Amino acid sequence: MANFCTKCGNSLDSGARFCNRCGTVVTEAAPPQAPVSQASAPPAAGAYQPAAAAGAPPPPPPQKSTSAVKIILIVVGIFVGMGILAGAAVIFGIWGISRAVKVDQSGDKVSITTPMGNMTMDNAPVTEAELGIPIYPGAEGEQGNLRIGNAKGSMDTFIFRTSDSPQQVIDFYRGKLPEKTDYMVTEQGGVITSSPSENEGYMITVGRDDDEEKTVISIMRGLSAQSQ
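Cut-offs and rules
- Residues numbered from 1 in each chain as written.
- Predicted model: local features only at pLDDT ≥ 70, side-chain atom pairs only at ≥ 80, totals over all residues.
- Heavy atoms only, no water.
- Helix = DSSP H or I, 4+ residues; strand = E, 2+ residues; numbered from the N terminus.
- Buried < 20%, exposed > 50% of the residue type's maximum accessible area, 1.4 Å probe, protein only.
- Contact = heavy atoms within 4.5 Å.
- Patch = residues over 30% accessible without salt bridge, like charges linked within 9 Å, V, L, I, M, F, W, Y side chains within 5 Å.
- Areas by Shrake-Rupley, 256 points an atom, 1.4 Å probe, with all protein chains shown as cover.
- Salt bridge = Lys/Arg side-chain N within 4 Å of Asp/Glu carboxyl O.
- Core = buried A, V, L, I, M, F, W, Y, C linked by side-chain atoms within 4.5 Å.
- Arc of directions from axis to C-beta.

Enquirer: Can you break down the overall build of the protein residue by residue, with the values?
Expert: Each helix and strand in the protein was counted, giving three helices and 12 strands. Across the 228 residues in the protein, those meeting the buried criterion constitute 20%. A sequence separation of at least 24 residues applies to 38% of the contacts in the protein between residues at least 6 apart.

Enquirer: Go over the environment of Asn199 with me, naming the residues and quoting the values.
Expert: Structurally, the position occupied by Asn199 is in the loop between strand E10 (189-197) and strand E11 (200-209). For the pair Asn199 and Gly153, spaced 46 residues apart in sequence, the C-alpha separation works out to 9.2 Å.

Enquirer: Go over a nonpolar patch on the surface, please, and point to the residues and values.
Expert: A cluster of nonpolar side chains, namely Ile72, Val76, Val80 and Ile84, defines an oily patch on the protein surface of about 380 Å² accessible area. Mapped onto the fold, Ile72 is located in helix H1 (residues 67-100).

Enquirer: I'd like a rundown of the nonpolar core, residues and numbers included.
Expert: Counting residues in hydrophobic clusters, the biggest one holds 19 residues, and the most contacted among them are Phe160, Tyr173, Ile204 and Ile219. Secondary structure elements with two or more residues in this core: strand E8 (153-162), helix H3 (166-174), E11 and strand E12 (214-224). Top contributing element to this core by residue count: H3, with four residues. For Ile219, the residues in contact, after removing those within four places along its chain, are Leu131, Ile133, Asp156, Thr157, Phe158, Phe160, Tyr173, Tyr202, Met203 and Ile204.

Enquirer: Tell me about H3, and please be specific about residues and values.
Expert: Note on helix geometry: an α-helix contains 3.6 residues per turn, so any two residues three or four positions apart are oriented the same way. Every buried residue of H3 is accounted for by Pro166, Val169, Ile170, Phe172 and Tyr173. One side of H3 carries all its buried residues, which in axial view fall inside an arc of 155 degrees. Against E8, strand E9 (181-185), E10, E11 and E12 lie the buried residues of H3.

Enquirer: Quick rundown of unusual backbone geometry? Include the residues and the values.
Expert: For residues that are not glycine, phi is negative in most cases, and the peptide bond is trans in most cases. Of note in this structure, Glu213 is not a glycine but carries a positive phi near 55 degrees. Relative to the assigned elements, Glu213 resides in the loop between E11 and E12.

The values reported here are purely geometric and, on their own, carry no functional implication.
See below:
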């Protein structure tokens, strides 16, 4: 490529260092630089960036982890399953007991036999020998004695009524029961607990029935299987 003198415009040979007409030193032109691509250069911090072209699809939203939801559903499923099994077990147990329960009703006596024990309700009068402690003098036996028993022991409950005051009934039993006896007395009556032996115990509840103006005496006797 031919060069020209920058002073006189004379044509210069390739590689000439001086102009052969005016003697001006020849300077080499700097090689042209390639234009910098704006697309490859990163935008300066804080520089304005144009919005995405109209019609371009928006970037996909970040996917949320569903592991927590799965765990919650599994736990709920476990509890629901346990509830169904527990309900089925209760229903099956009630059905089994209902088939095993036997009711015998004869006269004034009703006996119920279950796999867990027996229960008898009757109106037969009880004696002091059967009860094991004195009966308050003049007290009338209430109908509806309850006797419950199983392989471990029994518990019998007897109800009596008297016209005397609750305090008179409590004072009577103070001298009739063994030393291992506790008394809890209130203005309306009291509770007496007695334990003649390790296998025998009594609880006597004394209270006032204002409707009938009577004192109600409830004697509960518990016996373990060893003493029977």
